[in-house]
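Coordinates in review
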Amino acid sequence: NAGVMQNPRHLVRRRGQEARLRCSPMKGHSHVYWYRQLPEEGLKFMVYLQKENIIDESGMPKERFSAEFPKEGPSILRIQQVVRGDSAAYFCASSPETGGNTIYFGEGSWLTVV
Amino acid sequence: AQSVTQPDIHITVSEGASLELRCNYSYGATPYLFWYVQSPGQGLQLLLKYFSGDTLVQGIKGFEAEFKRSQSSFNLRKPSVHWSDAAEYFCAVVVTGGGNKLTFGTGTQLKVEL
């Protein structure tokens, strides 16, 4: 009974490179959320997706960041031309539907930009 | 603006002592309320949640929380803390009708002295 699976757990990128973070939701979950945790800060909502649809991207930076949740395969958070300020833990969460259902988190992907 | 406040950034308690972590929210309606715990380098684990009904909810690891509408609070408690409870604790809310977008407090770092 796998939980929310994220990979890679740790990723090091040089400034200007691209980072791709993957998330497989729990079985039976069709809603995926991405959160970012900057050092010494709490988690901030980035984006909420359902299969093939972005529902709410109000927390996504306007440039360089994108997310998708294709019909087949994991959700991808993509960061282009990374900068040092992108260094953070990125958490994926999933739920079966909205309306107060419990949201389960993955173990996180730690991005370090050097 | 809607917000979640955890007034205590750091708390230190002795092992065996009781614990209360504070959480206040500011929303017009009653939100769904959660407490999560995060160990260093790890993801978030759900301790307990409140959706409706009995305002005193029991969670895992001996934790409980009480929803007090009049005080807009959802404080986390444990009668006797164990050294393994040292971690960071996050209060989070989902606004009813707002999908499952969690808004987190900034967290409380718990240190347990032996």
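Please refer to the structure higher up on the page.
Report on the accompanying structure. Just so you know, these numbers come straight off a predicted model, no measurement behind them.

The rules behind these values
- Residues numbered from 1 in each chain as written.
- Chains lettered and ligands numbered in written order.
- Predicted model: local features only at pLDDT ≥ 70, side-chain atom pairs only at ≥ 80, totals over all residues.
- Heavy atoms only, no water.
- Contact = heavy atoms within 4.5 Å.
- Buried area = accessible area lost by both parts, 1.4 Å probe.
- Salt bridge = Lys/Arg side-chain N within 4 Å of Asp/Glu carboxyl O.
- Polar contact = N/O pair within 3.5 Å; in protein donor to acceptor, adjacent residues only side chain to side chain.
- Helix = DSSP H or I, 4+ residues; strand = E, 2+ residues; numbered from the N terminus.
- Nonpolar A, V, L, I, M, F, W, Y, C, P; charged D, E, K, R; others polar.
- Phe/Tyr/Trp six-rings, centres within 6.5 Å; stacked < 30°, edge-to-face > 60°.
- Buried < 20%, exposed > 50% of the residue type's maximum accessible area, 1.4 Å probe, protein only.

Moving on to the interface of chain B and chain A. Chain B puts 20 residues into the contact, and the matching count from chain A is 22 residues. Summing the contributions of chain B and of chain A, the shared interface buries around 1,700 Å²; its carbon and sulfur component is 55%. For the chain B face of the interface with chain A, the top three residues by lost area are B:Leu44, B:Asn100 and B:Lys101, together amounting to 35%. Our count for the chain B to chain A interface comes out at 1 salt bridge. Residues B:Lys101 and A:Asp56 are paired through a salt bridge, measuring 3.2 Å at the closest nitrogen-oxygen approach. Where chain B touches chain A, the interface holds 7 residue pairs in polar contact (both at pLDDT 80 or more). Only strand E5 (32-38), strand E6 (44-50), strand E10 (87-94) and strand E11 (102-104) of chain B provide two or more residues apiece to the side of chain B that touches chain A. Here the side of chain B that touches chain A gets 4 residues from one element, more than from any other, and that element is E5(B). Here the residues of the side of chain B that touches chain A sort into 10 nonpolar, 8 polar and 2 charged.

By the definition in use, this model includes 16 aromatic pairs over all chains. Judged by centre distance (5.5 Å) and plane angle (80°), the ring pair of A:Phe91 and A:Trp110 falls under edge-to-face. With A:Phe91 in strand E9 (residues 88-95) and A:Trp110 in strand E11 (residues 109-113), the pair connects residues that are 19 residues apart, well separated along the chain. Judged by centre distance (4.7 Å) and plane angle (25°), the ring pair of B:Tyr50 and B:Phe67 falls under stacked. Residue B:Tyr50 is located in strand E6, and its partner B:Phe67 is located in strand E8 (residues 64-68); the two are separated by 17 residues in the primary sequence. For the pair B:Tyr50 and B:Phe67, one class covers both residues: buried. Site record: aromatic cluster; members linked through ring pairs are A:Tyr35, A:Phe45, A:Phe105, B:Tyr32, B:Phe34, B:Tyr36, B:Phe51, B:Phe90 and B:Phe104.

For the rest of this paragraph, the subject is the environment of A:Gly73. All names here are of chain A. Here Gly 73 shows up in the loop between strand E7 (65-68) and strand E8 (75-79). For Gly 73, a relative accessible area of 38% corresponds to the partly exposed category. Separated by 49 residues in the primary sequence, Gly 73 and Ser 24 place their C-alpha atoms 7.5 Å from one another.

What follows concerns the pattern of salt bridges. In the structure shown here, the tally under the stated rule is 8 salt bridges over all chains. For B:Asp8, the salt bridge is made with B:Arg22, and the minimal N-O distance between the two is 2.9 Å. In this pair, B:Asp8 sits in the loop between strand E1 (3-5) and strand E2 (10-14) while B:Arg22 sits in the loop between strand E3 (19-21) and strand E4 (24-26), placing the two residues 14 residues apart along the sequence. When salt bridges with common partners are traced through the structure, they connect A:Glu18, A:Arg20 and A:Arg78 into a single cluster.

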